[in-house]
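Observations on the model geometry
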Amino acid sequence: MVEWLENLGAKALGILMEIGRAGVFLFWSVVGIFRPPFKIMPIIKQIHVIGATSFTVIFFTGAFVGMVLGLQGNYTLRMFGAEGALGSAVALSLVRELGPVLTGLMVTGRVGSSICAEVGIMRISEQIDALECMAIDPYRYLISPKVVASIISLPLLTAIFNIVGLMGGFLVGVRLLGGSEGAYLSTMKSSVMAADIRMCFIKSICFAILIVWICADRGYWVHKSRNGFGAEGVSRATTHAVVISSVAILVADYVITSLLLA
Amino acid sequence: MTCENCCIELIGIEKSFGAQKVLRGVNLPIRRGFTTVIVGESGQGKSVLLKHILGLIAPDAGQVIVEGRDVTRLRRSELKELRTRFGVLFQGAALFDSLTVFDNIALPLRERTRMPAAEVREKVRATLELLDLSGSEDKYPAQLSGGMKKRVGLARALQLDPEILLFDEPTTGLDPVRSHEVYQMFHETQKKLGYTSIIVSHDIPKIFNLADYIALLHEGVIQICATPEELQRCEKPLVRAFVERVMGRMYSSEIEDLALAAGI
Ligand SMILES: Nc1ncnc2c1ncn2[C@@H]1O[C@H](COP(=O)(O)OP(=O)(O)OP(=O)(O)O)[C@@H](O)[C@H]1O
Ligand SMILES: [Mg+2]
């Protein structure tokens, strides 16, 4: 019994330590953004990696999510005789929820894992130690450009997701199932408020920070985790990173929504 | 501070990894402007010792004094400031594997100085030339041989004209001719720049020419830290045994040197 309690305590302490370490990690990564020398090229490169290469996957996810919303919305709304509200339903669900959340999840899967693996490999092959010994701040050099690039990329990707989704909904709800074109467009325009756009924007920025933070942190501290050695340690850290940041996105989504709707 | 002209001093360093006690009270003064060579069998903790000096590993007990300051008590920014004086070569070279050879060597110049790009290119070219690496600047570390990696690591460590060199086995994996040249280069640049260097090496009889002091790490303590002559005259059984073993290898190395001199 005592042993069990001890184990529990040790686990809890371990988790608290990890959270503390992650907090320090975020702090230095953000401080690193404002530290000279300022370099634009690494940020552009990361925008390419995080943003540009995610375009295709975001485009297709957005399109099909919009299309399925059109399908489901049309079916459900017709039960209440409210087909006219389809534009409003598609637009609000995309802008408020599905756009930022699904973009965040797709980017986590595509980019978060690669960030974690990259940083993790640099850690286990002593490249991060080498950076420190050269008096180059590894946070500033490695992590900060990723944070900035992610903050720039995610809102843009989310916007693309939303627009493509709206077009997908239009395609299915109006063109395919014969809803009213005028109603779709006018309810879409009238129901989306500035507050909804703002919520979408805030969410995508929070998710951008969460993804890089969690995934880079897992990689950066891979050697401190249990069995965090070699390729297997990195692969385990990558899996963890993707799982944790996906869950974190959903939790953060709930929290932000409840704060902003209140 | 017990040692007047030391720039680094290790006092009673102890370090365990789990149940394994690697360092058991290491005392080692590193004198300014001299070359100290750390020798010892594989797995005795030489690399671990170097990492203590760099502040990459925190000791369980003891102090690491660098330039009068205890490395284990420094804040991040102070540590970073201190590290600007170091030039470090890791045992595994630790090259940035997604950068080319050229970018690897140019990195410290680009990140730490405001040197214009043309000058960086010039300087890197010169170092590549010096270390016989011309023609490989566009290769990635994975495409290099072991000895080439070592030389790229050396080139990178030397870019910012460090005051203190910490080299972990700089010539392991180099052929005799190349390692000879590397030693030659050390010798010349040290005479010119007067830096302090700490070299971990297995290349024992040869390194005697370069070393001002030799420190023997065995069983987690420095058994002796003395000039090569003193080391060879030392009566301590453990040291004697070590020297005798080395003498055996000295013989083969002399043949090597003769071969070199004959131009074979
Ligand atoms: N991070 C670590 N975790 C656990 N044990 C370690 C760690 N680093 C080193 N050791 C252990 O410390 C001992 C000394 O290792 P070290 O790398 O310093 O040896 P070395 O003297 O440099 O040997 P070599 O000449 O082969 O390079 C070894 O037994 C090694 O297993
Ligand atoms: Mg070693």
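Residues numbered from 1 in each chain as written. Chains lettered and ligands numbered in written order. Predicted model: local features only at pLDDT ≥ 70, side-chain atom pairs only at ≥ 80, totals over all residues. Heavy atoms only, no water.

1. A word on the site of ligand 1
Residue and element names in this part refer to chain B. Taken together, 14 residues surround ligand 1, and among them Gln-20, Ser-42, Lys-46, Ser-47 and Gln-91 come closest. Between ligand 1 and the protein, one listed contact pairs an oxygen atom with a side-chain N or O atom of Ser-42 at 2.5 Å. Interatomic distance of 2.9 Å between a backbone N/O atom of Gly-45 and an oxygen atom of ligand 1. Taking 630 Å² as the accessible area of ligand 1 by itself, protein coverage stands at 63%. Elements supplying a minimum of two residues to the shell around ligand 1: β2 (20–31) and α1 (46–53). Take the shell around ligand 1: its biggest share by element is three residues, from α1. Classifying every residue of the shell around ligand 1 gives three nonpolar, eight polar and three charged. (Near = heavy atom within 4 Å. Polar contact = N/O pair within 3.5 Å; in protein donor to acceptor, adjacent residues only side chain to side chain. Areas by Shrake-Rupley, 256 points an atom, 1.4 Å probe, with all protein chains shown as cover. Helix = DSSP H or I, 4+ residues; strand = E, 2+ residues; numbered from the N terminus. Nonpolar A, V, L, I, M, F, W, Y, C, P; charged D, E, K, R; others polar.)

2. A few points about the interface of chain B and chain A
The partner chain A presents 21 residues to the 21 residues of chain B that form the contact. It is Arg-76, Phe-96 and Glu-111 of chain B that lose the most area in chain B upon contact with chain A, and together they represent 34% of the buried surface on that side. Between chain B and chain A we count five salt bridges in total. Here Glu-111 of chain B ties to Lys-39 of chain A by a salt bridge, and the two come within 3.5 Å at their closest N and O atoms. Inspection of the chain B/chain A interface yields seven residue pairs in polar contact (both at pLDDT 80 or more). Of all elements in the fold, only α2 (76–83), β6 (86–89) and α3 (101–112) of chain B reach the threshold of two or more residues within the side of chain B that touches chain A. Ranked by residue count, the leading element in the side of chain B that touches chain A is α3 of chain B, at five residues. Classifying every residue of the side of chain B that touches chain A gives 11 nonpolar, one polar and nine charged. (Contact = heavy atoms within 4.5 Å. Buried area = accessible area lost by both parts, 1.4 Å probe. Salt bridge = Lys/Arg side-chain N within 4 Å of Asp/Glu carboxyl O.)

3. Some points on the coordination of the magnesium ion (ligand 2)
Residues and elements named next belong to chain B. Coordination of the magnesium ion (ligand 2) by the protein is provided by Ser-47 (OG) and Gln-91 (OE1), with metal-donor distances spanning 1.9 to 2.1 Å. Here Ser-47 is found in helix α1, whereas its partner Gln-91 is found in the loop between β6 and α3, with 44 residues between them in sequence. Residue Gln-91 is classed as partly exposed on the basis of its relative accessible area, which comes to 38%. (Donors = N, O, S within 2.8 Å, 3.2 Å for Na, K, Ca; no water. Buried < 20%, exposed > 50% of the residue type's maximum accessible area, 1.4 Å probe, protein only.)

4. Some remarks on the confidence of the model for chain B
Per-residue confidence for chain B gives a mean pLDDT of 87; residues scoring 70 or more make up 92%. Per the prediction output, this complex has pTM 0.89; the corresponding ipTM is 0.87. (pLDDT = per-residue confidence, 0-100.)

5. Quick look at the pairing of strand β10 (residues 221–226) of chain B
All names here are of chain B. Note: strand β9 (residues 213–218) against β10, five bridges, orientation antiparallel. Note that in β10 the partner of Ile-214 across the bridge is Ala-226. Taken together, β9 and the strand that follows it, β10, pair antiparallel across an intervening segment of two residues, in which Glu-219 is found at a positive phi of about 55°. (Pairing = 2+ DSSP bridges.)

6. Brief notes about the domain arrangement of chain B
The accessible area lost on association of the parts is a frequent measure of interface size. Residues and elements named next belong to chain B. Domain annotation of chain B identifies domain 1 (1–85 + 162–228) and domain 2 (100–161). Its C-alpha centre places domain 1 at a distance of 24 Å from the equivalent point of domain 2. On the side of domain 2, 12 residues touch domain 1, which itself brings 16 residues to the contact. Both faces considered, domain 1 and domain 2 share a buried interface measuring about 1200 Å² in area, 68% of it formed by carbon and sulfur atoms. Three residues, Pro-162, Arg-178 and Met-185, lead the burial of domain 1 against domain 2; their summed loss comes to 42% of the area buried on that side. The interface formed by domain 1 and domain 2 includes one salt bridge. Here Asp-132 makes a salt bridge to Arg-178, at a shortest N to O gap of 3.4 Å. Between domain 1 and domain 2 we count three residue pairs in polar contact (both at pLDDT 80 or more) in total. Put simply, the parts of the chain that give the side of domain 1 that touches domain 2 at least two residues each are β7 (164–168) and α6 (176–193). Ranked by residues supplied to the side of domain 1 that touches domain 2, first place goes to α6 with five residues. (Domains from an automatic or database assignment.)

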